Amino acid sequence: MVDNRYATALVIGSVLSLLATVYLSVAVGTQHWYQYSSPPVKHEGALQSNASEFISGDFDEKSYSDTMFRLNGTLGLWWRCILVPGQTHWFKEPDPKLETQCVSFTLPQQFIPKYKFTGKDNGEEDVLRTYLWRCQFLLPLVSLALVFLSGLVGVCACLCRSFTPTLGVGVLHLLAGLCTLGSVCCFLAGVDLLHQFSAPPEGVEGSLGWSLYLALISFPLQMMAAALFMWAARSHRKNYTRMTAYRVA
């Protein structure tokens, strides 16, 4: 028999966990973690050249970073995007409509080492940025995997009619929240180090995107869910122990 307080805590914790999972999944799959606001480009030919190299060129961090600086780019964990004029007619429009063109990072590209930009094509490898980049996309996946595992544990607990595994569910949510926070910290640290070696041109402003804020929101939701699960498990265990001792006495 489960007390209503504990049942309510489990329901609220489950709702918070579901919301955190949805927010984090959307954040991982979208490209608005960091965005640049660039002044208008005067030479349309240079704009088209940069855009074509960005879409079909080889993977080179300095090249696509410079293009993102100049073309209102956005950066995500799996995507990089720029704003370019859309398809126009035979006449030149005075104010063409801008369209977003995105390129995804492949899995091998996520593991490519990062380099310090010292004026050469391949400078000295930056080990810190290399592992920050790898952690920023691995940790959210680990967080989602831990939440999924906690869901399986919770289902098994319901089928077995046992309240004991709820403590494990809370611990898994706690670890998932730490992974989410670690991913955000790694991303911000990586962007800051990138700007130190390849500073944006004058007039280009960078800002945090809504995808990053979704990941930030999912962190406290996971922590609150973990606290509710662990509180319910410990309180129920103490109450059950007292009731057992009272019946024995």
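Each chain carries its own residue numbering, running from 1 in the written order of its sequence. In keeping with the model being predicted, local features are shown solely for residues with a pLDDT of at least 70 and side-chain atom pairs are shown and tallied solely at 80 or more, while totals for entire chains, interfaces and linings include all residues. Hydrogens are left out, water is left out, and the side-chain values use all remaining heavy atoms of the structure.

For the rest of this paragraph, the subject is the sheet that holds strand S1 (residues 34-37). Across the sheet, five strands lie side by side as S4-S3-S2-S1-S5; this open sheet has antiparallel pairing. The open sheet has two free edges, formed respectively by strand S4 (98-104) and strand S5 (205-208), since each of these has just one partner strand. Taken strand by strand, helix H3 (residues 61-70) contacts S1, strand S2 (74-75) and strand S3 (79-85), and its axis lies near 45 degrees from that of S3. Here, two residues are considered to be in contact whenever any of their heavy atoms come within 4.5 Å of each other. Every axis in this analysis is a line fitted to C-alpha atoms, fitted for helices over the stretch in contact. Angles between the N-to-C directions lie between 0 and 180 degrees. Each helix is a run of DSSP H or I of at least 4 residues and each strand a run of E of at least 2, with the numbering of both proceeding from the N terminus. Relative to the sheet, helix H6 (residues 165-197) contacts S1, S2 and S5, its axis offset from that of S1 by approximately 35 degrees. Pairing between strands is defined by DSSP: at least two bridges between the two strands are required.

Turning next to the pattern of salt bridges. We define a salt bridge as a contact between a side-chain nitrogen of Lys or Arg and a carboxyl oxygen of Asp or Glu at a distance within 4 Å. Taken as a whole, this structure holds three salt bridges when the rule is applied. For glutamate 61, the salt bridge identified is with lysine 114, shortest N-O distance 3.8 Å. Taken together, the positions of glutamate 61 in helix H3 and lysine 114 in the loop between helix H4 (107-110) and helix H5 (127-160) put the pair 53 residues apart, joining distant regions of the chain. With a 1.4 Å probe rolled over the protein chains alone, any residue whose accessible area is under 20% of its type maximum counts as buried; one over 50% counts as exposed, and the rest are partly exposed. Classification of glutamate 61 as buried rests on a relative accessible area of 8%. In this structure, the salt-bridge partner of aspartate 66 is lysine 62, at a minimum N-O distance of 3.9 Å. Remark: lysine 62 and aspartate 66 occur in helix H3; sequence separation between them is four residues, near one turn of the helix. Note on lysine 62: relative accessible area 33%, which makes it partly exposed. When salt bridges with common partners are traced through the structure, they connect Glu61, Lys114 and Arg129 into a single cluster.

Time to look at the environment of glutamate 125. Along the chain, the position of glutamate 125 falls in the loop between H4 and H5. Separated by 10 residues in the primary sequence, glutamate 125 and tyrosine 115 have C-alpha atoms spaced 4.2 Å apart.

Interpretation note: all reported values are geometric properties and have no functional meaning in isolation.
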